[in-house]
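For reference, the chains in residue letters:
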Amino acid sequence: MNIKLKEITVRELTNGYEDNEEAGVVGYDGKLDIRPPYQREFIYKDKQRDAVINTIMKNFPLNILYWAVREDGNFEVIDGQQRTISISQYIEGDFSFNGRYFHNLQDDEKEQILDYKLMVYLCSGTDSEKLEWFKTINIAGEKLTEQELRNAVYSGSWVSDVKRYFSKNSCAAYGIGSDYLNGSPIRQDYLQTAIRWISEDNIEQYMAKHQHDQNASALWRYFQDVISWVEATFTTKRTKFMKGVDWGTLYNKYKNEVFDTEAIEKEIAKLILDDDVSKKSGIYPYVLTRKEKYLSIRAFSEAIKQKVYEKQKGICSVCKETFELNEMEADHITPWHEGGKTDEENCQMLCRECNRRKSGK
């Protein structure tokens with residue numbers, strides 16, 4: 001990993017500054033990509049933005065900026081995007097500080113700001129080296145997410161294109177997937193989820209492989225296929241329970257199977273009303289996999305365990321040996337999937353060995 005310290009002035013940083021909204025933000029004579037197309041939007045609050053300007057006006061040191069060196073010799077901001085945009089917007093006259101815009105300042109005050117020196121680390125190296133380094137320095141301010149760090153490391157034509165689909169609140173992925181995904185597009189949550197699904201949890205490997213692809217249409221088509229499959233398989237939209245389900249993983253495994261959607265919806269409606277099902281979002285993977293772990297079936301309360309233990313006089317219902325309460329576990333006499341409820345009448349206390357043998361744990 002090659003890390004070089006460079007000193008620049010605010011004048012140099014803001015020279016050629018352009019905010020092209022969705023087309024990105026550039027500065028430093030057009031050589032610095034401050035906010036690549038469709039990356040996260042400006043998120044500093046007024047108080048944070050003003051603190052940056054106040055620091056410069058008082059000639060106090062500002063935290064070091066980190067730029068990645070691109071293959072073409074230009075740069076991309078890795079850490080310091082919000083500070084850089086705050087400085088540039090003030091110089092451009094987008095906001096005032098203490099009631100004065102930049103153009104309201106005296107000439108000597110303007111020169112003091114423009115001559116203010118910023119310290120920048122220029123980082124270049126292998127992808128793995130850069131990723132590890134960026135994680136290390138990403139410890140203050142508005143922290144970069146894991147996916148934002150990956151976007152920086154694997155920057156290129158593919159990342160630039162994929163962001164237009166996945167990285168803005170009004171993006172196409174948000175339009176079709178907001179009822180099914182958690183997180184924020186502008187913090188790259190949608191993008192990370194989509195890549196995790198298509199790569200089966202090998203995000204960095206996938207991004208490295210496609211870094212120089214001319215477009216990201218394959219990922220976008222895949223994401224559309226996942227959402228279409230969800231809507232075709234689960235025909236009643238229940239946003240409260242469907243949001244955040246690991247849909248891509250389910251799609252990868254079950255996309256070619258034919259389901260009785262009417263029967264699925266009837267079962268889902270029944271499970272939603274079942275008080276023993278603690279995790280309603282787990283209903284969706286359960287109806288496909290039949291694995292009760294997704295449902296977090298309600299456990300017997302400590303009061304019920306104590307009452308049943310005393311009723312059994314500490315004797316395991318299977319092996320008939322006597323145990324202390326903390327050596328036993330509560331078990332459904334009639335399993336939940338056979339209609340058994342999590343109540344006192346359906347509870348028995350078993351020793352740990354018998355309970356594991358019975359449940360196949």
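Up top is the structure these notes are about.
Think of each chain on its own: its residues are numbered from 1, step by step along the sequence as written. Where local features are concerned, this predicted model is filtered to residues with pLDDT of at least 70; where side-chain atom pairs are given and counted, the filter is 80 or more; whole-chain, interface and lining totals use all residues. Note that the side-chain values use all heavy atoms of the structure and ignore hydrogens as well as water.

S.K.: Could you give an account of the pairing of strand E6 (residues 75-79), naming the residues involved and the relevant values?
M.R.: The buried label goes to any residue with under 20% of its type's maximum accessible area, the exposed label to any with over 50%, and the partly exposed label to all in between, with areas taken from a 1.4 Å probe on protein chains only. Secondary structure elements are defined from DSSP: runs of H or I of at least 4 residues count as helices, runs of E of at least 2 residues count as strands, and each element is numbered from the N terminus. Among the 5 residues of E6, 5 are classified as buried, and the element is accordingly described as predominantly covered. A pair of strands is labelled paired if DSSP reports no fewer than 2 bridges between them. Looking at chain direction, strand E4 (residues 32-35) and E6 are connected through 2 bridges and run parallel. Looking at E6, one finds that Leu32 is bridged to Phe75. By the bridge criterion, 4 bridges tie strand E5 (residues 65-69) to E6 in an arrangement that is antiparallel. When the bridges of E6 are listed, Ala68 appears paired with Glu76. Linking E5 to E6, which pair antiparallel, is a turn of 5 residues; within it Gly73 sits at a positive phi near 90°.

S.K.: I'd like a description of unusual backbone geometry, backed by residues and values.
M.R.: You will see that Arg290, though not glycine, has its phi angle at about 65°, which is positive. For Arg290, the location among the structural elements is in the loop between helix H15 (283-289) and helix H16 (302-311). The phi torsion at Ser296 lies on the positive side, around 50°, for a residue other than glycine. By secondary structure assignment, the location of Ser296 is in the loop between H15 and H16.

S.K.: An account of helix H7 (residues 157-166) is needed here, citing residue identities and associated values.
M.R.: Taken across its 10 residues, H7 has 7 buried, putting it largely inside the fold. Contact definition: two residues touch when any of their heavy atoms are within 4.5 Å. For H7, the secondary structure elements touched by its buried residues are helix H6 (146-153), helix H8 (172-177), helix H9 (189-199), helix H10 (203-210) and helix H11 (217-233).

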